[in-house]
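Per-entry structural report
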Amino acid sequence: MDPQPQLPVFIVGAPLLFSVIVPVLGRIWRHSAFLLALATVAVAAVASALSLELVLRKEPFSYHLGGWAPPVGIEYVIDEVSAFVCVVITSVSFLVLVSTRRWAEREAGDRPGVFYGLVLLLLAGLTGIVVTGDLFNLFVFLEIASLAAYALVFIGGRKAMLAGFRYLIIGSIGGALYLLGVGFIYFATGTLNMIEARELLEGTPSTRAAQVGAVFIFAGLGLKMALVPMHLWLPDAYEHAPSSVNSLIAPVMTKVAAYAMLRMFLSVFPAGFLSGTVPIADALLILGLIGIVFGSVAAAGQSDIRRMLAYSSISQLAFIAVGIGLGSPLALAAALLHVANHAAMKATLFLAAASVRLRVGLQRTHNLAGLGPRMPLTMGAFAIGSVAMIGIPPTAGFFSKWYMAQAGVDEGQWVVVAVVLFSSLLTAVYLFKVLEQVYLRPAKPEPSAHGDDERDASADAAPRPELAMRPVVERAREAPFDVWLPLVVLAAATVVLGVINVVIMDHVLLPGVS
Amino acid sequence: MIEEISARFPYWAIAVLLVVGLYGMMGKRSLVKQVIGLSIFQSAIILFFISGSLLEGATIPILYSVHGEGHANPDDFVNPLPHVLMLTAIVVGVAIIGVALSFLVSIYREFGTLDERELLDDVRE
Amino acid sequence: MSGTVVSGLPLLAVLVPTVAALLAALTTGRWPNLRDVWATVAGIAMVAITVILLVETLDGHIHRTVLLELSLGINSPGINIALRADPAGMIFGLLVSVLWVLAGVYAVGYMRGEHERKQTRFFVAFALSIAAAAGVALAENLLTFILFYELLSLFTYPLVTHRETETALVAGRKYLAYTLSGGIMLIGAAAWLHVLGVDTTFRAGGFLEGVNLDSVTQWALFALLAGGVGVKAAVMPLHSWLPSAMVAPTPVSALLHAVAVVKAGVFGMVRVGVFVFGAALLDDMGAWLVLAIMSAATLIIASILALRHDNLKRRLAYSTISHLSYIVLGVALIGPLALTGALLHIVGHGVTKITLFFVAGAIHVRTHKENVSELDGIGRQMPVTMGSFALASLSMVGIPPFILFTSKWYLGWGAVEVGQQAFLIVYLVSGLLAAGYLFPIVIRAFLRSSPDHTRYGEADIRMVAPIALTAVLALVWGIAPDLPLGFFELASTVADAAFPPSVALAGVTP
């Protein structure tokens, strides 16, 4: 029997299964938790890569869960797009997991098994969202991923508790709204299978039920992807979440919600359905444009580096929303490329911030002065990630902007072109603010300098006694090997993605969206 | 207007429930009440699915005997799928409420209150 | 006779400085001598490569390296990153590589003399900037050009902010804001052209020639492209980053903000004017007049502003702004002679202005003086340095037989050739103003006596030798622009290609 069509089970099923096993084994043997979780993610990553290879070599295929044929049964659809996004999610998660082991075990307290179990649950949910071809199944995976994310945010301490609770309330509203929308679609079409729903919606003139359903679905997913003005939960959640968590959820979590949004355009609603009586495409476009500017401006005003990166995420997600709103194949492909690019770039930036927290314990940008030469690899990766975010060629960020601008020109949307291009200037404002501090300013003397920064007492800024009187930044050492190596790999990935972007666009994304 | 409402009263009831739930989540200071609001919100959606699949005069889709009596008329049976879906949705909802309540326990242990304003003041200090 | 040869040489010209940067980064400050050797070795290697390319180019063999050539399945020409050693590019490439060797030697002397901090970062960024400038010179199409143009902005940022003072940081922000905006305009234009399905490979006569566009599109593209390169070319009102960037160490001001970066801007203007739009289209649109008036205004205003600045480097910066507009105006005049003059002016101004900046740096290292008013009698104490300054000043003003006389002669002749005598007058007035802001310095230095009794000697040999050499080059290239690097031949080849011989005045020799 050809084992390859069983691949989707490994992508989704392996993390789901081990999310239960890991906590149990983690009780018995502490260190098994990390290793098992890592192995599971590796399995999912390999399965994703093999799926992608299979899709490219042959054609998209689908997997019928439990052997029940669609449209009644649940179908997992592996096409270019879903396989690609799976590869991105699993490989970024793998690197982040390796890199964050040190502080994950500190932050998770005495139960690393539970922590890694939640991480695997999150991953199962995310990959499930990506591969599923069933509207209701998507809801279930969305909630699985969200539940895991709420819990992971919650363990970050006092402030994180409140942020996590708010995240839960708002996220659940989002999920519930999505479900409501699915209900309308179901009653309008009588099916939950995406492909069949599309065919049915295409055949009949659009009913009011289907239109209302579409609105609810987009409101729900908009909340999950933190589209302005539904973004309020995100900055708190990202700022207060444990370092090991925000490095993981920031690159992948909201990106997957954006992917689900895109999937709606691609597979559920027929072309033109969303730009007629219910102008959801235009709404996404306008909210996206506002979000790009708002996110960047807000980011420039932040002094906490994690909060700054959180607002930056809002801006970047809005960029993806603009691509979805434009709706042309090139725009959708550019949005998907940005999903990958941004996952790599944001993981780099958050990991660098986390690594600084590990060594120095400070997070306010103005307290990081003089850190560049002390942590050359970490900050070098941060600089490369920043350059990629700004979009200087040949890094990844440039090419998403390049294709998006082309799509904008193609559609005659000049405002989009202008905003997309000038957003790099806004991005430069807040990222160079950090780079300037890190590389071009001298370290500040202790202790008054970081009075407004809650120094993480557990940070291990060089306990060498002869340095005890020096500024805390000057005592910092480079992060340990297992922390900086994944970081450097991710930073390199932002450049490599830029160089090979044409291949991805040409063979994976453009065929996937058309 | 009244006819319109009475003809589709389940939907109006659901709409009212949704608004009540939203108000609970957004307007209430007590975190417990917010969780109750969330629960109401989810229940409203479950009711929506169930009432949407209602078919007057139809019965449960269990076929006792169709031997030699021709094909069963689909109009005689209620669509079972939404009910099945809602079983799953209830499980999801219970999981969310469970997690939310466990959050509340932790928050109460840490802060000694579940009043949102007091919590925010506490955190800001 | 002419043909394209696929070879790695153009890529090598970009890689050599990149490798030098990597080696310098790995060597670090622990072995400063070894670190500083890399730049010189790489510089000589780069000169060798460009000279080989020059010989080939003059023979009609255009070397070309394709880095990436992929097409998307949509109506755009895809992504095409390629380098090509065409005559226009060779002019800029040769200039950068020759001056890099000299500036590299000078920089070692300067940085050590000033006891600058973080020298490794300086040399790494310096070499990377050269690599980016070489890429700009040899870019075959618009996208490749933008790629290196943006990298040039990025790599020069740490050089501008090198001193890490508050002024330097502010200047750095301003620098980034201006240059990134310029890059954005270019990217916008390029994206637009790709959507229109235009092949953006640079072509003498303009790749937009014959492309059917309505006039709004034409003007919008012109505004984006000319604005984008105009930022680095410091055409007013986009110039104000340049005087601010003078906070950088002098070798940076000398090579980058008198040669590589700003020349990338004017070279971009040549690309936009001649290789994107082409003479016919510029003439049809009337865009040349806009460009000509803006650059003529810049030319005069910047010269007047230069008169008022006492700080030597700032005065030179405004002089640079003025001279960059000489070149822009030369492009705008759309005539073969004006274009020849503009291309020669790129070379001539490069070698002349670098001398002046070198001298400013040498004076600073020896005496820590920055203002013109403090330079009384300095000529007697640093005779070689100030003698070179005098020679370069003569060249700047346009006295024969210096190189800037040759280029100005062509520019002026070009203005007459196309019937725009008004611009000839602009050139002449500006030459007078240049005498006004440069000769007083020479007079002070040699004819007044020093107010204090400190004896300053000449600076380090690593600084004096490049100064003297560049001054001599300004003279040699003036007498014989073809010796030894064939600048005139290259320039006239470009002009011939841009303006088919039937139009041009044939048989022009210097």
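Predicted, not measured: the structure shown is a model, and the values here were computed from it.

1. Some remarks on the overall build of chain B
The number of helices and strands found in chain B is five helices and zero strands. Ordered by position from N to C terminus, the α and β elements of chain B give α-α-α-α-α. For chain B, the residues scored as buried account for 31% of the 125 residues in total. Within chain B, contacts between residues separated by at least 24 positions form 52% of all contacts whose residues are at least 6 apart in sequence. Accessible surface for chain B amounts to roughly 8,000 Å². Of this, 64% is attributable to carbon and sulfur atoms.

2. Some thoughts on the packing of helix H5 (residues 142–160) of chain C against helix H9 (residues 250–285) of chain C
Residues and elements named next belong to chain C. Two elements in contact, H5 and H9, have axes whose closest approach is 12 Å; the angle formed by their N-to-C orientations is 160°. When the axis of H5 is compared with that of H9, the two are roughly antiparallel. Along this stretch, H5 crosses H9, giving a crossing that reads as left-handed. Seen from H5, the contacting residues are Phe145, Tyr149, Leu152, Thr156, Leu159 and Val160; seen from H9, they are Val252, Leu256, His257, Ala260, Val261, Ala264, Phe267 and Gly268. Residues of the contact of H5 with H9, tallied by class, amount to eleven nonpolar, three polar and no charged.

3. With respect to the nonpolar core
Counting 434 residues, the largest nonpolar core has Met264(A), Phe269(A) and Phe277(C) as its most contacted members. The leading source of residues in this core is H9(C), at 23 residues. If we skip the residues at most four places from it in the chain, Phe269(A) touches Ile185(A), Arg198(A), Leu201(A), Ala214(A), Ile217(A), Phe218(A), Met264(A) and Leu274(A).

4. Brief notes about the pairing of strand S2 (residues 75–78) of chain A
Residues and elements named next belong to chain A. The alternating pattern of S2 places Glu75 and Val77 on one face and Tyr76 and Ile78 on the opposite face, and all of these are buried. Note: strand S1 (residues 61–64) against S2, four bridges, orientation antiparallel. Counted as the bridge partner of Tyr63 is Tyr76 from S2.

5. Looking at the interface of chain A and chain C
Reports often express the size of an interface as the amount of accessible area lost when the parts come together. Contact residues are listed per partner, giving 33 residues for chain A and 35 residues for chain C. When residues of chain A are sorted by the area they lose upon contact with chain C, Trp402(A), Phe432(A) and Leu440(A) head the list and together hold 21% of the total. Viewed at the interface, chain C and chain A are joined by one salt bridge. Across the contact surface, chain A and chain C share one residue pair in polar contact (both at pLDDT 80 or more). Contributions of two or more residues to the side of chain A that touches chain C are made by helix H15 (376–390), helix H16 (396–411), helix H17 (414–440) and helix H20 (501–513) of chain A. Per element, the largest residue contribution to the side of chain A that touches chain C is ten residues, and it comes from H17(A). Residue classes in the side of chain A that touches chain C are distributed as 26 nonpolar, three polar and four charged.

6. Thoughts on the sheet that holds strand S2 (residues 61–70) of chain C
All names here are of chain C. Reading across the sheet, the three strands line up as S1-S2-S3 and stay open at both edges, with mixed pairing between neighbours. In this open sheet, the two edge strands, each paired with only one partner strand, are strand S1 (3–6) and strand S3 (79–84). Each adjacent strand pair in this sheet contributes to an overall mean axis angle of 40°, direction not counted. Note that S2 and S3 share six bridges and pair antiparallel. The residue bridging Leu68 from the neighbouring strand is Ile81, located in S3. Against the sheet, helix H1 (residues 9–27) contacts S2 and S3, and its axis sits at roughly 75° relative to S2.

Calculation criteria
- Residues numbered from 1 in each chain as written.
- Chains lettered and ligands numbered in written order.
- Predicted model: local features only at pLDDT ≥ 70, side-chain atom pairs only at ≥ 80, totals over all residues.
- Heavy atoms only, no water.
- Helix = DSSP H or I, 4+ residues; strand = E, 2+ residues; numbered from the N terminus.
- Buried < 20%, exposed > 50% of the residue type's maximum accessible area, 1.4 Å probe, protein only.
- Contact = heavy atoms within 4.5 Å.
- Areas by Shrake-Rupley, 256 points an atom, 1.4 Å probe, with all protein chains shown as cover.
- Axes fitted to C-alpha atoms, helices over the stretch in contact; angles between N-to-C directions.
- Parallel < 35°, antiparallel > 145°, perpendicular 65-115°, else oblique.
- Left-handed = near helix turned anticlockwise from the far one by under 90°.
- Nonpolar A, V, L, I, M, F, W, Y, C, P; charged D, E, K, R; others polar.
- Core = buried A, V, L, I, M, F, W, Y, C linked by side-chain atoms within 4.5 Å.
- Pairing = 2+ DSSP bridges.
- Buried area = accessible area lost by both parts, 1.4 Å probe.
- Salt bridge = Lys/Arg side-chain N within 4 Å of Asp/Glu carboxyl O.
- Polar contact = N/O pair within 3.5 Å; in protein donor to acceptor, adjacent residues only side chain to side chain.

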